[in-house]
Protein chains: 2
Amino acid sequence: MSVAKQSHVVVLGAGFGGLTFAREFQHPTARITVVDRTNHHLFQPLLYQVATSGLAAPDIAQPIRSILADRDDVTVLMDEVKSVDLRRRRVVLGGEELDYDFLVLALGGVTSYFGHSEWEQFAPGLKSLDDALRIRREVLLAFERAETTADPELRRQLMTIVVVGGGPTGVELAGAFAELSRTVLVDDFRRIDPSQARVILIEGSPRILGHLPPELSRSAEQQLATLGVELRLDCRVKDVRRHAVEVEGANGPEILRAENIIWAAGVAAAPVTRALGVELDRAGRVKVFPDLSVPGFPEVFAIGDLALVSDEDGKPVPGVSPAAMQMARHVGRVIDRQLERGPAASRPAFRYWDKGTMATIGRSAAVAKVGNFEFSGLLAWLAWLFIHLLFLVGFRNKAGVLLHWLYSYCTYKRGARIVFGLDERNATNKLAGSERT
Amino acid sequence: MSVAKQSHVVVLGAGFGGLTFAREFQHPTARITVVDRTNHHLFQPLLYQVATSGLAAPDIAQPIRSILADRDDVTVLMDEVKSVDLRRRRVVLGGEELDYDFLVLALGGVTSYFGHSEWEQFAPGLKSLDDALRIRREVLLAFERAETTADPELRRQLMTIVVVGGGPTGVELAGAFAELSRTVLVDDFRRIDPSQARVILIEGSPRILGHLPPELSRSAEQQLATLGVELRLDCRVKDVRRHAVEVEGANGPEILRAENIIWAAGVAAAPVTRALGVELDRAGRVKVFPDLSVPGFPEVFAIGDLALVSDEDGKPVPGVSPAAMQMARHVGRVIDRQLERGPAASRPAFRYWDKGTMATIGRSAAVAKVGNFEFSGLLAWLAWLFIHLLFLVGFRNKAGVLLHWLYSYCTYKRGARIVFGLDERNATNKLAGSERT
């Protein structure tokens, strides 16, 4: 490739993978176009805090444009990816088509209902700010309606939240909802007692946080129980209907009635992979080569939740943000070598460096594993807090958000306990023919 | 009224008037019920900052319940006021009916289109958080679409914002939009130049901020022009259609094409007053007695934007938050005297104390009048900032929000430049049969 010609690198998605690539890859002969369907990069690990009224939406989101404002070689387009034509090297967006020399697929994941997409309307997932704000609104509204209803059965339903899936997101959500009802809301109502709210966490396998060692799972289960979360282990979801989950567990079949049901049980790759015509796993992830390129298309790479690649032990690299960022840097190096030395340049294999895993459960409750060290409780929580605050500060450069959050987190005030979007909610419900007002 | 019997005081609305009443009125024989259709009290003077991406929604809102959490004599209901039956002393809500001994009407105002309610869908007003978030979203989306469109005429329309009404809200909005495009967004786009965006402020009378002395209006007009706002004085709106305002000004009739049109030209009392069967002015405000009671119903009071009452000079008390709060305290004293001394107790007349007026235009641009002192520019702006920050701190007790806001306000970063609500926007548009995507 001659130095004179400009290469066009198209990046689809501005999550941790896509954004890291765009920020760190730079070459004098390359121009970069970043496409995302939203205008913001999301700090996904704290999304559950928006859903549970701990943070405001803008606290964990930043405009993609402003992050990349000083990069004249980068163009940001807010648009939908309609399809990708790998053979013609072309991406079709809602408003235009882009030809590329290199393509980085970084569109991330979507909530997966394992073939039961009809459950989505009754049990929303948590992937976007819209999801989080909708969950926040519906949970807060349920308490408001519990205060005004005279029907004891309806009140019980309104005061029950079911979280499906005992992975990190499910554990964080269940813990935060329990804290919300037992500490934040507890003095604010006159006719109901928010501490009587039920938060039920359903997990199909015998333990939560299956990616961690069993003793950390046990510790997390105890910490959740202390917060008041009801745990259903070895409990499978048979059906989800409006305000009801049918489960089958140790005690046989049961129907759990709950105003709010949150689905945190599965993630699949963004649906665009289905039409690529390349080999995928069951979750729709692209089975990439060790250099993260898509088989048959050395100029195309898949990273993050979209890519299936193994670590040194032969286990799939987990769908976490550090992995996506490491993949982004790797692809940046591969493309840089291609531009410097031409298509014959050798391509190193991606190697995942596992920095450790942690899951937070509530205030001063968490579990963590770093290398061979395992810890739980206050120490793990302080480690979690430190890492996330560090990230927030570095990423957002906003001491104010930090102080604000620390203050409300420590004083049990929830500054973001605000219901909005009612007008459009009503319009949506009208459209959906819902009987709810 | 015997001491043994409990009196029920019902407060409709938790804006500045209703909330101040609920916080400050307390009597051993009285229980209080506060009804609001939202779950939050809104710091309305900074609502334009949410609409223009300066603040997050939760920064200027606080749950009514948590403000009143330590008051066991106060019950908060999130519900709609359907009607008020003054004769039977009963309020009908969406979910229940409330009988009262005293009633405080504090439902505030709504945007008024002077008989042209069909304009509302094309030119939304700014009264609620939903309004502000919708305006923010549509303005940010317009810039995003301007970046991706190839049609120069559409691009011009997308980059034009019309604000109708040169009162404080219109002036603040126009100034903030001009700043947003000329400072915050300016480096973030590659295909458009946000500083070329047009912000047009339309005012029907010969000067903006008509409640201030003429020299302050002139100063505000100059400060707006410096920011890049196009002013149309003596300019009347003839019609509003989708993305178009038809005006008639000094240069004859003209059609202004703009993706976003914001209506800040009129306020009327909440529509519930229409069905009370008492005398109203044209804006639907209740013509109250000097003690703020509703003629014929000594146990019913109207305060804030809902009430028409004159100050000592015979001029109507303006619809500003200090007036609403002063009225709330007055009504509290009147009810207290009734409870202490019985129905025969004398009722003092309300007296409005005008603390001064100010309007902010942009960073270091404002006008203010306090007593006989008039000032403008940096000094007025510092006064505005000081008063509002003081209020935010006192009200919210959140040093973090303050620092956060000061930081982003001074560095021209807009932390809240986040688009969300797209899913429900699409559903709403589908419902409305809109051709927009």
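Check the entry above for the structure.
Now for a look at the structure at hand. (Residues numbered from 1 in each chain as written. Chains lettered and ligands numbered in written order. Predicted model: local features only at pLDDT ≥ 70, side-chain atom pairs only at ≥ 80, totals over all residues. Heavy atoms only, no water.)

**Some remarks on the overall build of chain A**
- Looking only at helices and strands, one finds 11 helices and 25 strands in chain A.
- In chain A, which comprises 437 residues, the proportion classed as buried is 58%.
- Put simply, of all contacts in chain A between residues at least 6 apart along the chain, 63% involve residues at least 24 apart.
- For chain A, the computed accessible surface area is about 17,800 Å², with 52% contributed by carbon and sulfur atoms. (Helix = DSSP H or I, 4+ residues; strand = E, 2+ residues; numbered from the N terminus. Buried < 20%, exposed > 50% of the residue type's maximum accessible area, 1.4 Å probe, protein only. Contact = heavy atoms within 4.5 Å. Areas by Shrake-Rupley, 256 points an atom, 1.4 Å probe, with all protein chains shown as cover.)

**Here we look at the pattern of salt bridges**
Residue and element names in this part refer to chain A.
- Applying the stated rule across the entire model yields 44 salt bridges over all chains.
- The partner of Arg-351 in a salt bridge is Glu-312, and the shortest N-O contact between them spans 2.3 Å. With Arg-351 in the loop between α8 (321–341) and β23 (357–362) and Glu-312 in the loop between β22 (307–308) and α8, this pair connects stretches of sequence that are 39 residues apart.
- For Glu-312, a relative accessible area of 57% puts it in the exposed group. (Salt bridge = Lys/Arg side-chain N within 4 Å of Asp/Glu carboxyl O.)

**What to know about the sheet that holds strand β6 (residues 81–85) of chain A**
Residues and elements named next belong to chain A.
- In space, the 3 strands of this open sheet follow the order β6-β7-β8, with antiparallel pairing throughout. The two strands at the open ends of the sheet, each matched to only one other strand, are β6 and β8 (97–99). The mean angle between the axes of side-by-side strands here comes to 15°, regardless of whether they run parallel or antiparallel.
- With 4 bridges joining them, β6 and strand β7 (residues 90–93) adopt antiparallel strand pairing. (Pairing = 2+ DSSP bridges. Axes fitted to C-alpha atoms, helices over the stretch in contact; angles between N-to-C directions.)

**Observations regarding the packing of aromatic side chains**
- Applying the stated criterion to the full structure yields 10 aromatic pairs over all chains.
- Cluster of aromatic residues (ring-pair linked, three or more members): Tyr113(A), Trp119(A) and Trp263(A). (Phe/Tyr/Trp six-rings, centres within 6.5 Å; stacked < 30°, edge-to-face > 60°.)

**Description of unusual backbone geometry**
- Of note in the backbone geometry, Ser364(A) takes a positive phi value of approximately 60° without being a glycine.
- For Ser364(A), the position within the fold is in the loop between β23 and β24 (365–370).
- With a relative accessible area of 34%, Ser364(A) lands in the partly exposed category.
- Even without being a glycine, Arg89(B) presents a positive backbone phi close to 50°.
- By secondary structure assignment, the location of Arg89(B) is in the loop between β6 (81–85) and β7 (90–93).
- On the basis of relative accessible area, Arg89(B) is assigned to the partly exposed category, the value being 36%.

**Notes on the sheet that holds strand β23 (residues 357–362) of chain B**
Residue and element names in this part refer to chain B.
- The 3 strands lie next to each other as β23-β24-β25, forming an open sheet whose pairing is antiparallel. Bordering the open sheet on either side are β23 and β25 (373–376), each of which pairs with just one other strand. Sheet twist, expressed as the mean angle between neighbouring strand axes with direction ignored, is 5°.
- As judged from the 5 bridges shared by β23 and strand β24 (residues 365–370), these two strands associate in the antiparallel manner. From the neighbouring strand, Thr-357 faces β24, where its bridge partner is Lys-369.

**Topic: the pairing of strand β17 (residues 260–263) of chain A**
All names here are of chain A.
- Across the two faces of β17 the burial is the same, with Asn-260 and Ile-262 and Ile-261 and Trp-263 all buried.
- Here strand β11 (residues 160–164) runs beside β17; their pairing, made up of 4 bridges, is parallel. Within β17, the residue paired with Val-163 across the bridge is Ile-262.

**A short note on helix α1 (residues 16–24) of chain B**
- Of all 9 residues that make up α1(B), 7 are buried, and the element is covered over most of its length.
- Those residues of α1(B) that fall on the buried side of the exposure criterion are Phe16(B), Gly17(B), Gly18(B), Leu19(B), Thr20(B), Phe21(B) and Ala22(B).

**A short note on the pairing of β23(B)**
- Counting buried positions along β23(B) gives 5 out of 6 residues, so the element sits mostly inside the fold.
- In this structure, the hairpin formed by β23(B) and β24(B) is closed by a connection of 2 residues, where Ser364(B) is found at a positive phi of approximately 60°.

**So, the environment of Ala323(A)**
Residues and elements named next belong to chain A.
- Tracing the backbone shows Ala-323 in helix α8.
- Along the chain, Ala-323 and Val-334 lie 11 residues apart, while their C-alpha atoms are 17 Å from each other.
- In contact with Ala-323, not counting residues within four places along its chain, are Val-317, Pro-318, Phe-350 and Tyr-352.

**Regarding the environment of Arg65(B)**
Residue and element names in this part refer to chain B.
- Following the sequence through the fold, Arg-65 ends up in helix α3 (residues 64–67).
- With relative accessibility at 3%, the residue Arg-65 sits in the buried group.
- Taking the C-alpha atoms as reference points, Arg-65 and Val-34, 31 residues apart in sequence, are found 9.6 Å from one another.
- Polar contacts involving the side chain of Arg-65 include one to the main-chain carbonyl oxygen of Val-76, which spans 2.9 Å. (Polar contact = N/O pair within 3.5 Å; in protein donor to acceptor, adjacent residues only side chain to side chain.)

**A few points about the environment of His8(B)**
All names here are of chain B.
- Within the secondary structure, His-8 sits in strand β1 (residues 7–12).
- The class for His-8 is buried, based on a relative accessible area of 5%.
- A C-alpha to C-alpha distance of 5.2 Å links His-8 and Asp-101, two positions 93 residues apart in sequence.
- If we ignore the near neighbours within four places in the chain, the residues touching His-8 are Arg-31, Thr-33, Asp-99, Tyr-100, Asp-101 and Phe-102.
- A distance of 2.6 Å separates a polar atom in the side chain of His-8 from a polar atom in the side chain of Thr-33.

Read these as layout, nothing more, since geometry by itself doesn't imply function.
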